[in-house]
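In case you want the letters, here they are:
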Amino acid sequence: MTPTVTEQKAQILEAFRRWGYLEADLDPLGWLPRHPHPDLDHKGEDAEAARKFYCGTVSAEFAHIPDPERRRWIESRMEVDPAPIPTAPERERILERLISAETFEQFMQARYPGMKRFSLEGTVSLVPLLDEVLESAAEHGAEEAILGMSHRGRLNVMYHIVGREAAELFAGFEDVDPRSLMGGGDVKYHRGATGFFTTRSGARVHIHLVSNPSHLEAVDPVVAGRAYAKQIRRGAFGAKQVLPIVMHGDGAFAGQGIWAETLNLGSLQGYNVGGTIHVIINNLIAFTTPPWELQSTAFASDLAKRAAIPIFHVNGEDPDAVARVGRMAGEYRATFGSDVVVDLIGYRRHGHSEVDDPTITQPVLYRRIKDHPPVWRGYAEKTQIDSAAILARIREGLDAAQKSAEQFQKNPTLRRLPPYWDEFFGGKYKPEYEVPTGVPAETLRAITGAITSYPPGFAIHPKAKKLLEQRMEMLRGDRMVDYGMAEALAFGSLLRQGIPLRLTGQDTRRGTFNHRHAALVDTETEQEFVPLQHVDPAQARCEIYNTSLSEAGVLGFEYGFSRDYPEALVLWEAQFGDFANGAQVIIDQFIAAAEDKWGLLSGLVMLLPHGYEGQGPEHSSARIERYLHLAARDNFQICQPSDAAQYFHLLRRQALRKWRKPLVVFTPKSMLRHPDSASPIEAFSRSHFRSVLRDAEVQGAQRVLVCTGKIGHDLRRERKRIGNTTTAIIFVEQMYPFPEEELVTALAAHPGAHDIVWVQEEPANMGALFFMFPRLQRLARGIPVRSVKRSASASPATGSGKAHELEQQALLSVAFATGKS
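For clarity, every value in this text was computed on a predicted model and none was experimentally measured. (Residues numbered from 1 in each chain as written. Predicted model: local features only at pLDDT ≥ 70, side-chain atom pairs only at ≥ 80, totals over all residues. Heavy atoms only, no water.)

### Describing the nonpolar core
Definition in use: Residues grouped as a nonpolar core are buried Ala, Val, Leu, Ile, Met, Phe, Trp, Tyr and Cys residues, joined through side-chain atoms within 4.5 Å. Accessibility here uses a 1.4 Å probe with only protein chains present; expressed as a share of the type maximum, an area under 20% marks a residue as buried, one over 50% as exposed, and anything in between as partly exposed. Contact definition: two residues touch when any of their heavy atoms are within 4.5 Å.
Core analysis: the biggest nonpolar cluster contains 85 residues, and Ile74, Leu126, Leu134, Leu147 and Phe170 have the highest contact counts within it. Once residues lying within four places of it in the same chain are set aside, the contact partners of Leu134 are Ala145, Ile161, Phe197, Thr199, Val205, Ile207, Leu243 and Ile245. By size, the runner-up hydrophobic cluster in this structure holds 73 residues, among which are Ala218, Val246, Ile730 and Phe771.

### Considerations on the packing of aromatic side chains
Inclusion rule: Stacked, tilted and edge-to-face are the three classes assigned to paired rings of Phe, Tyr and Trp, where Trp is represented by its six-membered ring and a pair needs centres within 6.5 Å; plane angles under 30 degrees give stacked, over 60 edge-to-face, the rest tilted. The helix and strand labels rest on DSSP assignments: H or I over at least four residues marks a helix, E over at least two residues marks a strand, and numbering proceeds from the N terminus.
A full pass over the atoms with the stated rule returns 33 aromatic pairs. An angle of 70° between the planes, with centres 5.9 Å apart, marks the rings of Tyr627 and Phe666 as edge-to-face. Taken as a pair, Tyr627 in helix H22 (residues 624-630) and Phe666 in strand E16 (residues 663-667) lie far apart in primary sequence, 39 residues in all. Looking at Tyr627, the relative accessible area reads 2%, which means it is buried.

### Observations concerning the pairing of strand E14 (residues 605-609)
Put simply, the test is: For two strands to pair, DSSP has to find at least two bridges joining them.
Burial analysis of E14 places five of its five residues in the buried class, which makes it a mostly covered element. Of the two faces of E14, the one carrying Val605, Leu607 and Pro609 and the one carrying Met606 and Leu608 are both buried. In this sheet, E14 lies alongside strand E13 (residues 569-573) in parallel orientation, the contact comprising three bridges. Each residue of the ladder has a partner; that of Trp572, found in E14, is Met606.

### Topic: the sheet that holds strand E22 (residues 785-790)
What counts is decided by this rule: Every angle, taken between N-to-C directions, lies between 0 and 180 degrees, and every axis is a line fitted to C-alpha atoms, over only the stretch in contact when it is a helix.
Pairing is mixed across the open sheet formed by five strands, whose spatial order is E17-E19-E18-E21-E22. In this open sheet, the two edge strands, each paired with only one partner strand, are strand E17 (692-693) and E22. Pairing of E17 with strand E19 (residues 727-732) involves two bridges; the strand directions are antiparallel. Bridged to Leu693 within E19 is Phe731. The sheet strands contacting helix H27 (residues 801-816) are strand E18 (703-707), E19, strand E21 (755-763) and E22, and the helix crosses E22 at an angle near 170°.

### A word on the packing of helix H18 (residues 483-496) against helix H23 (residues 644-656)
Spelled out, the test is: Angles below 35 degrees are treated as roughly parallel, those above 145 as roughly antiparallel, those between 65 and 115 as roughly perpendicular, and all remaining angles as oblique. Helix crossings are classified by the rotation of the near helix relative to the far one: an anticlockwise turn of less than a right angle makes the crossing left-handed, while a clockwise turn makes it right-handed. As a working rule, the residues Ala, Val, Leu, Ile, Met, Phe, Trp, Tyr, Cys and Pro are called nonpolar, Asp, Glu, Lys and Arg charged, and the rest polar, with Gly in that last group.
Packing of H18 against H23 brings their axes to within 8 Å, and their N-to-C directions diverge by 25°. Of the possible angle classes, the one that applies to H18 and H23 is roughly parallel. Viewed along their axes, H18 and H23 form a crossing whose handedness is right-handed. Contact with H18, carried on its side by Tyr483, Ala486, Glu487, Leu489, Ala490, Phe491, Ser493 and Leu494, involves Ala644, Tyr647, Phe648, Leu651, Arg652, Ala655 and Leu656 of H23 and no other residues of that element. Per-class residue counts for the contact of H18 with H23 are twelve nonpolar, one polar and two charged.

Structure, rendered in structure tokens:
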């Protein structure tokens with residue numbers, strides 16, 4: 001049948017709703033090719049009206065959203081004729097902001113030539129865009145915004161959005177005393193900043209721009225984690241009150257996967273922040289690379305269509321359209337609690353940095369850019385607003401700011417820490433920071449009663465029921481306490497003391513090795529019950545979540561959460577320790593270095609299963625060497641507790657000490673339930689975690705074996721098997737900060753020792769050998785120090801179970817053999 005006129009009209013409109021963005025007027029320089037679509041090949045009044053809605057300087061992609069209500073909401077905002085424009089005072093404000101943003105960049109170029117600042121010129125419409133996002137957010141109850149962005153335009157955003165003084169930013173370009181920053185600090189366009197944004201109505205929105213390394217998208221999950229923590233602090237309306245905004249480069253958005261991991265977290269329980277507003281600062285170039293070498297799709301934003309979220313494209317040379325899109329993005333997020341993507345398309349006035357010459361790789365493009373006027377000039381002509389007085393006033397203010405820059409300290413503090421950080425501190429370790437970690441027997445009894453209980457009528461799995469019965473036996477002393485029970489007791493005791501708990505990871509609720517069972521599942525209904533959430537009526541918040549199959553995104557989120565919940569015990573568990581290498585950028589740039597670079601603390605705990613058990617290269621080593629290579633200035637703690645009680649005290653110490661440092665824990669696998677690593681219930685009431693475990697069985701040994709982790713238990717069994725009574729075994733439970741005093745005391749118990757041997761399961765080029773060996777030599781005072789280890793290898797472990805057994809037995813034999821090892 002031939003469609004009716006009404007049906008034809010609807011079909012034409014629907015085609016433009018779906019494909020109009022392909023033919024939209026989005027590129028100020030005409031460099032981005034349009035993509036004609038056959039469904040848009042219509043003439044007539046209806047087609048022209050639809051083209052006006054969707055093919056102008058604003059367009060939208062939303063046909064992939066399955067919810068009809070959300071699509072209708074977007075249609076109602078897009079299909080308006082004439083398109084809404086700002087009021088006269090609003091336009092004057094937009095012009096002032098454009099002139100200020102452009103002049104700020106030019107001023108720095110003139111006063112600080114040859115210094116990198118990563119100019120925003122070409123996309124300065126970002127400033128009025130963010131203005132409108134924040135205006136809209138404030139109208140819907142937002143009181144705080146968490147911003148993440150890479151280096152381009154960062155100083156501009158600090159000045160115009162965060163509200164830092166220009167003089168303060170200029171001080172960063174002045175000469176500094178290098179002695180104050182030797183070995184630490186960061187460049188000015190990576191540092192974070194806090195301040196306030198004031199809306200047109202006078203409302204103030206607290207702004208925090210998160211510190212970020214040059215790894216462009218690494219900050220994305222950190223922003224989300226920080227927003228989530230702040231939202232929890234605010235209670236039921238936290239998602240409305242705290243707004244996350246992340247700004248991306250077009251090349252990074254198309255090419256880097258961590259933002260996609262973060263996007264996937266957006267609607268998951270335990271990670272939902274009520275929507276993030278993503279802004280692509282789209283220069284249509286990345287360093288020297290054009291779009292057709294960056295992405296295999298028409299737009300850098302196309303990968304965002306994996307989620308049911310809208311994408312608004314806007315031409316950065318139409319400030320009215322930019323302001324309109326900013327408001328739409330803010331209102332959509334407030335209405336639906338959803339992520340939104342804004343693709344702000346402009347250009348880059350200079351090279352990747354101001355010292356780079358872009359004419360070498362894009363000569364034609366940069367001839368065009370050279371002659372292209374700044375956006376404010378065209379907007380001033382369009383609005384007929386006199387720009388001369390505005391420009392003069394802004395230049396005068398910047399001149400005055402530059403003259404007063406010397407009054408600011410040379411390394412200005414752009415952050416203001418929130419009050420919940422007042423009682424916590426970093427810096428070098430001091431013994432007086434230690435706290436008692438033991439728990440009285442009656443408290444352990446109460447905790448055990450709670451964590452082994454479940455509601456009446458709950459159809460518990462027989463295996464889970466057996467586990468709970470065994471845990472009750474552990475409390476009574478009828479069975480030694482294993483790691484799973486020790487962890488549950490640590491968590492339960494902290495919750496009773498008012499310490500919030502957050503534990504996440506892949507399959508963490510049950511545990512990769514079937515050892516935790518933090519969530520019990522009803523076998524009839526699959527309803528879940530989390531005993532740790534019912535330890536005490538007055539207990540602290542308890543969150544335990546399985547995560548998506550992601551390391552970088554999830555670990556970044558948890559790091560961010562720990563930054564704004566310092567009083568909580570925040571733990572991330574890798575499925576296997578080696579899998580943490582998928583999050584190496586978060587470990588290197590944030591967890592290990594944030595205090596050194598930015599003065600930022602975190603108490604995040606990483607649980608990394610480690611141990612050589614014949615399971616192959618990826619399921620053996622958690623790469624101890626990587627963390628020890630990163631260790632300096634007491635930046636974090638690296639531990640491998642060898643028994644259940646040690647693990648219990650380590651977790652409690654981390655939560656109860658006010659010294660806030662990340663903690664890397666190499667946790668066991670086969671030893672989780674092994675009798676050799678289990679502990680008597682009495683050990684949980686002793687006073688503290690022990691950094692070094694002395695040998696209680698052998699005194700005055702002729703040889704001292706020093707080790708960490710599972711290999712120590714293997715050595716003990718071998719010693720017993722061969723009947724050796726002259727070799728002592730010392731466990732180093734904390735490798736960093738190095739427990740020198742404790743290790744000296746342990747070695748002093750064997751004054752007649754002929755040699756000291758470092759024993760490890762890992763190959764010679766891995767593990768703690770490089771770290772421990774020179775320290776043992778220093779402490780040995782002339783006693784020969786030797787090492788036993790696997791041969792150096794490019795791979796951490798063999799893939800053959802039988803080969804593993806041969807290697808392991810060889811290690812043990814050599815450790816007890818006489819002569820060189």
